[in-house]
Amino acid sequence: MFTLIFVLLTGLGVFFIYRSRQVEGSGRKTLGISLILSTILLFRFLDFWGEKIWFDELGYNDRFWTLFLAESLFVVAGALSGLGLLALLSHHLPASKKWLRRGVLIAGTLLGAAWGFANWSSFLKFWYQAPVGISDPILGVEGSFYLFTLPFLDGLYNFLFMLVLLALGMTVAGRYEFYQEGRSIKLYRSDNARGKASRRMLFVNAALLLLVLAGGIYLDRFHLLFSDLGTVSGPGWTDVHIVLPALTTTLVFTALAGLSLLIPAIREALQHLLFRLGMRKAGNPLYVIASTAAMVAAFWLIALNVLPGAYQSFRVEPNEISYEKPYIGHNIEYTRLGFGLNEVESREFPVRDSFSLDMVQDNPTIFNNIRLWDWRALDAVLKQFQEIRLYYEFNDVDIDRYRYDDGYRQVMISVREMRASNLPDKSQTFVNEVFKYTHGHGIAQTTVADFTSEGLPNFLVKNIPPESKYPSLKVEQPRIYYGELTDDYVVVNSSEPEFDYPQGDQNEYYSYSGQGGVELSSAWRKFLYAYKMGEFKLLLSSYPTRDSRILFRRDIKRRVRALAPFLQLDQDPYIVNADGQLYWMIDAYTTSSYFPYSAPYNATERIQYKEGEAQEQLKIGHRSDFDGQN
């Protein structure tokens, strides 16, 4: 319905604009444009304000405005930078080429906006960077430069390169005209190509491109700390003694080549040389630029590819150990620093060749916690005996450690979530899915090594409502409003009672007592979230009250990504039963591919296992902690 309203309003605006062409001076064109812009801004504002209120309710108002303003201002700054630079570099184009200039200015603006949208986060990291306290062993640069400054400079270099390349292409295209001769289209140089302004800007843009490339080579000196030329991650002997000096030399050569295009005397000398070599069109500035580019490319090829490759193959690799030994030491040291392994304490563990009953009796904690239950088998048992009803579902089984019965034990735990999509087709109504079936209920918790006489697990927590075997594992608040399978929005505290759990042939009901979600305290908020959820029925429904709250973005991973997009999340959140409450935990960590001399590591392992004829893969992620509360 909201989509229909949007189409109708914009269509009405288009109609007014169309009618304005038939009736001059009627003001309908202005009205039509205003209606279209107002409609777009209104619907964009509804999305924006809905997000703002959600962040407010979670206590992250400052974080919302910081990221919103940073993203918005950086997009605007990028767009203006692209527009301004290309306007400066295209001012020489004649009026007959206004279509080309406008196209390039639009392209530069869009390119700048896209660059700003993609790089605002790297700018924030650069702006708010903190010192790391270590420096690389080759260039002596502080680690924060690699982690925060270099990624931003890389993005800035790519932006300038694309803009200057676009400006150069525009200048070349502006020197030619197309005309049709019969059925063929031919190209010829326009009168503008013979003008001084066109020649001057052609050399200026080409020179700028070479100077930007020289800036890229300067950044490549720092990227050498991530080299994979040798046996280790990071610079080896060849990188330090051959590539690094070659980069400096190439930087100077490229910069001088760019500056030479700006000096008429040097350009004329190059033109005379090209004449002597038999190039009759050496007077064409494109030939001068092309010959300069060819010399730079040849220098790059020899200095940065042929020479290092020859040294690596014929001098270093035959004597690899002696040449690379100190650099292998750097790699080990900085890899340990990058992953925090430098603080790990090493201890010798006495190993005995024999295994005895005394060893088992002396280590009860270890042997009592050897896991015998396979998580896949336990998951099948839980689905059969503990889901209770079809609309409940266990997503997976997690393994954790708890203190109970005067011991520290390994346990397996799973969450009983609500899946309204599992209701019978006739029960999958708007009221049931939004107001009634709002939450899951409780957990199933078992030991890892015990079996009953029937071959079932030893339940520590089971059933609905939860029955706990030990007081320390008692669940006082078993309702699951957020989870791994839970992602549809619901409205709680409405006039429709919420289903809590089945009790024989009867049902128990509950009224939400938490502080989660957004209050639907006004007609404006009701309209706002009806639009945001894309559900016009919510706006028309009489069930929400002033005390009702709408809970959305209830998937744990999606929720945390919205709050902390800079964190890398584990793919498997897990529930924690503590102090009678249920808490969601999700492991997360900060990462960077810019730590110098550190070997890269993929934080995902793949363990293959066979199950009958099928072969599946289990992914295990390594993360640090980030907690969320149910």
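Residues numbered from 1 in each chain as written. Predicted model: local features only at pLDDT ≥ 70, side-chain atom pairs only at ≥ 80, totals over all residues. Heavy atoms only, no water.

Undergrad: Tell me about the overall build of the chain, residues and numbers included.
TA: In terms of helices and strands, the chain carries 17 helices and 21 strands. Buried positions account for 41% of the 630 residues belonging to the chain. A sequence separation of at least 24 residues applies to 67% of the contacts in the chain between residues at least 6 apart. Looking at the chain as shown, the accessible area adds up to about 35,000 Å², and 57% of this sits on carbon and sulfur atoms. (Helix = DSSP H or I, 4+ residues; strand = E, 2+ residues; numbered from the N terminus. Buried < 20%, exposed > 50% of the residue type's maximum accessible area, 1.4 Å probe, protein only. Contact = heavy atoms within 4.5 Å. Areas by Shrake-Rupley, 256 points an atom, 1.4 Å probe, with all protein chains shown as cover.)

Undergrad: Run through the pairing of strand β18 (residues 581-589), naming residues and quoting values.
TA: Looking down a regular strand, the side chains alternate between one sheet face and the other. Note that strand β16 (residues 568-569) and β18 share two bridges and pair antiparallel. Within β18, the position partnered with L569 by the bridge is A588. Bridge count between strand β17 (residues 574-578) and β18: five bridges; the pairing is antiparallel. When the sheet's bridge partners are listed, V576 is paired in β18 with Y583. Linking two consecutive strands that pair antiparallel, namely β17 and β18, is a turn of two residues; a positive phi of about 55° is found at D579 within it. (Pairing = 2+ DSSP bridges.)

Undergrad: How would you explain the pairing of strand β8 (residues 457-462) if you had to name every residue and give the values?
TA: Counting buried residues in β8 gives five out of six residues, a clear majority hidden from the surface. Sheet topology note: the strand β7 (residues 443-451)/β8 ladder contains three bridges and is antiparallel. By the bridge assignment, T446 is partnered in β8 with F459. Where β7 folds back onto β8 in an antiparallel hairpin, the turn is made up of five residues, including G455, whose phi is positive at roughly 85°. Across two bridges, β8 lies against strand β9 (residues 467-468) in antiparallel orientation. Each bridged residue has a counterpart across the sheet, and for V461 the counterpart in β9 is S468. What sits between β8 and β9 in their antiparallel hairpin is a turn of four residues, with N463 showing a positive phi close to 70°.

Undergrad: With reference to specific residues and values, describe the sheet that holds strand β15 (residues 549-551).
TA: On the basis of which strands lie adjacent, the open sheet formed by three strands has the order β11-β15-β14 and antiparallel pairing. Of all strands in the sheet, those with a lone pairing partner are β11 (490-492) and β14 (518-519), marking the two edges.

Undergrad: Before we move on, can you summarise the pattern of salt bridges with the specific residues and values?
TA: Inspection of the entire model under this criterion finds 14 salt bridges. In this structure, R347 engages E345 in a salt bridge whose closest nitrogen and oxygen atoms are separated by 3.3 Å. Across this residue pair, the class does not change: R347 and E345 are exposed. Taken together, the salt bridges that share partners define one network made up of D47, E51, K532 and R553. (Salt bridge = Lys/Arg side-chain N within 4 Å of Asp/Glu carboxyl O.)

Undergrad: Give me the lowdown on unusual backbone geometry, citing residues and values where you can.
TA: That bond from I464 to P465 is cis: its omega, -10°, falls within 30 degrees of zero. Locating P465 in the fold gives a position in the loop between β8 and β9. A positive phi angle, close to 60°, is found at N493, a residue other than glycine. Of note in the backbone geometry, D579 takes a positive phi value of approximately 55° without being a glycine. On the secondary structure map, D579 appears in the loop between β17 and β18. Of the residues examined, D579 reaches a relative accessible area of 72% and is grouped as exposed.

Undergrad: How would you summarise the side chain of H439 if you had to cite specific residues and measurements?
TA: Within the element layout of this structure, H439 appears in the loop between α14 (430-436) and β6 (440-441). In this structure the side chain of H439 is engaged in a polar contact, spanning 3.4 Å, whose partner is the backbone oxygen of F499. One polar contact links H439 to D500, side chain to side chain, over a distance of 2.9 Å. Here H439 is in contact with Y392, M418, R479, I480, Y481, E498, F499, D500 and Y510, once residues within four sequence places are set aside. (Polar contact = N/O pair within 3.5 Å; in protein donor to acceptor, adjacent residues only side chain to side chain.)

Undergrad: Describe the side chain of K52, with residues and values.
TA: Summarising the element assignment, K52 is placed in helix α2 (residues 28-58). A distance of 2.5 Å separates the side chain of K52 from the side chain of D56, its partner in a polar contact. Those residues in contact with K52, other than ones at most four positions away along the chain, are N61, F64 and W65.

Undergrad: Go over a nonpolar patch on the surface with me, naming the residues and quoting the values.
TA: Taken together, the side chains of L211, V252, L256, L259, L262, I263 and I266 present a nonpolar region at the surface, about 560 Å² in accessible area. Here the nonpolar patch takes three residues from helix α7 (residues 237-260), the largest share from any one element. Structurally, I266 is set in helix α8 (residues 264-276). (Patch = residues over 30% accessible without salt bridge, like charges linked within 9 Å, V, L, I, M, F, W, Y side chains within 5 Å.)

Undergrad: Tell me what's going on with helix α13 (residues 375-385), and back it up with residues and numbers.
TA: Regarding α13, the residues found buried are L378, D379, V381 and L382. Down the axis of α13, the smallest arc covering the buried residues is 165°, so these residues share one side. (Arc of directions from axis to C-beta.)

Undergrad: If you had to explain the nonpolar core to someone new, which residues and values would you point to?
TA: Y402, I443, Y481, I575 and W584 are the most contacted members of the largest nonpolar core, which has 30 residues in total. Elements with a minimum of two residues in this core: β4 (398-404), β5 (407-418), β8, β11, α17 (556-563), β17 and β18. The element contributing the most residues to this core is β18, with four residues. Leaving out residues up to four positions away in the same chain, I575 has contacts with D398, Y402, I413, V415, I443, L582, Y583 and W584. (Core = buried A, V, L, I, M, F, W, Y, C linked by side-chain atoms within 4.5 Å.)

Undergrad: Could you give me a rundown of the packing of aromatic side chains, with the residues and numbers involved?
TA: For the structure on display, the rule yields 45 aromatic pairs. For the ring pair F145 and F222, a centre distance of 4.7 Å and an interplane angle of 55° mean the geometry is tilted. Of the two residues, F145 is situated in helix α5 (residues 143-173) and F222 in helix α6 (residues 196-223); the sequence distance between them amounts to 77 residues. Each member of the pair, F145 as well as F222, carries the same accessibility label: buried. One aromatic cluster is present, formed by F45, F48, W49, W54, F55, F64, W65, F68, W524, F527, Y529 and F552 through successive ring pairs. Geometry around Y404 places R409 over its ring, the cationic atom sitting 5.5 Å from the centre. The side chain of R553 reaches across the aromatic face of W54, ending 4.4 Å from its centre. (Phe/Tyr/Trp six-rings, centres within 6.5 Å; stacked < 30°, edge-to-face > 60°. Lys NZ or Arg CZ within 6 Å of the ring centre and 35° of its normal.)

Undergrad: With reference to specific residues and values, describe the packing of α5 against α6.
TA: For any two helices packed against each other, one specifies the crossing angle of their axes together with the interaxial distance. Between α5 and α6, the shortest axis-to-axis distance is 9 Å and the interhelical angle comes to 160°. Considered as vectors, α5 and α6 are oriented roughly antiparallel to each other. At the point where α5 passes α6, the crossing takes the left-handed sense. Of the residues contributing to the contact of α5 with α6, the split by class is 21 nonpolar, five polar and one charged. (Axes fitted to C-alpha atoms, helices over the stretch in contact; angles between N-to-C directions. Parallel < 35°, antiparallel > 145°, perpendicular 65-115°, else oblique. Left-handed = near helix turned anticlockwise from the far one by under 90°. Nonpolar A, V, L, I, M, F, W, Y, C, P; charged D, E, K, R; others polar.)

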